Amino acid sequence: MANVVKVEGFEAFQSRVAELTKTGGDVFVMFSGSKDSNGVSWCPDCVDAEPVVNGCLSTLASDTHYLYVGVGGRDFWKDQNCVFRTAKETQLKTVPTLIKWGTKQRLEEGQCADKNMVSMMFEE
C-alpha cells in the first residue's frame, strides 16, 4: 500500500511533491475539486473517481507515494488564470486529473473512474 498524503492548495502541493520525489519511489498526484465541510467535493467527476482510485491504491508498492491535492473551490478552479491551470508543472485542463509525477502519463475526468485505466497506470 502506498504512502497517502493529502494537501490543499498550490503552495502545499509544491512543497509536498518536492519532498516526496526526493524519497525515491513513484509519486502519483491526484488533483481534485476541494471538499466541503461534509467531505464531499463540488466536482461530480471527482466524487465518481475517488472510490475507484482509492480501491486501486492497495496494488501500489510500499515505497510509492499518492498525493491527493484539493485544487480549491469551484469558482477558484473555473477561473482560467487558476494557478493549477497556468503553472508549467501542472497545466491542468480538468479535474480530476491523476498524474504519474515526472512523466507524461495522466488520466483525466472519466478516465480516473475507469478501474482498468487506473490499474494500468499504477502497474507501469
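Shown above is the structure to which this text applies.
Owing to the predicted nature of the structure, the values given are computational and were not obtained by experimental measurement.

Engineer: Looking at this structure, I do not really get the overall build of the protein chain. What am I missing?
Structural biologist: When helices and strands are tallied, the protein chain shows five helices and five strands. Of the regular secondary structure in the protein chain, the N- to C-terminal order runs β-α-β-α-β-α-α-β-β-α. Here the C-alpha atoms of the protein chain give a radius of gyration of 13 Å, agreeing with the 14 Å that 2.2 N^0.38 yields for 124 residues. Projected onto its principal axes, the C-alpha positions of the protein chain cover 35 × 30 × 25 Å. Evaluated residue by residue, the protein chain yields a buried proportion of 43% over its 124 residues.

Engineer: Please clarify how the side chain of Thr-97 should be interpreted in this entry.
Structural biologist: Residue placement: Thr-97 occurs in strand β4 (residues 97-100). Here Thr-94 takes part through its backbone oxygen, which lies 2.5 Å from a polar atom of the side chain of Thr-97. For Thr-97, the contacting residues outside a window of four places in its chain are Val-29, Met-30, Phe-31, Leu-92, Arg-106, Leu-107, Glu-108 and Cys-112.

Cut-offs and rules
- Just so you know, the residues in each chain are numbered from 1, in the order the chain's sequence is written.
- Reporting of local features is limited, given that this is a predicted model, to residues whose pLDDT is at least 70; pairs of side-chain atoms are given and counted only at 80 or more, and all residues count toward the totals for whole chains, interfaces and linings.
- Side-chain calculation: all heavy atoms of the structure are included, whereas hydrogens and water are not.
- Only runs of H or I of at least four residues qualify as helices and only runs of E of at least two qualify as strands under DSSP, and these elements are numbered from the N terminus.
- Radius of gyration: over C-alpha atoms. The globule rule applied is 2.2 Å multiplied by the number of residues raised to the 0.38 power.
- Throughout, exposure labels follow a simple rule: accessible area from a 1.4 Å probe, protein chains only, divided by the maximum for the residue type, with under 20% read as buried, over 50% as exposed, and the rest as partly exposed.
- Here a polar contact means two N or O atoms within 3.5 Å. Within protein one must be a hydrogen donor candidate and the other an acceptor candidate, and residues neighboring in sequence count only if both atoms are side-chain atoms.
- Contact between two residues is taken to exist if any of their heavy atoms lie within 4.5 Å; hydrogens are not considered.

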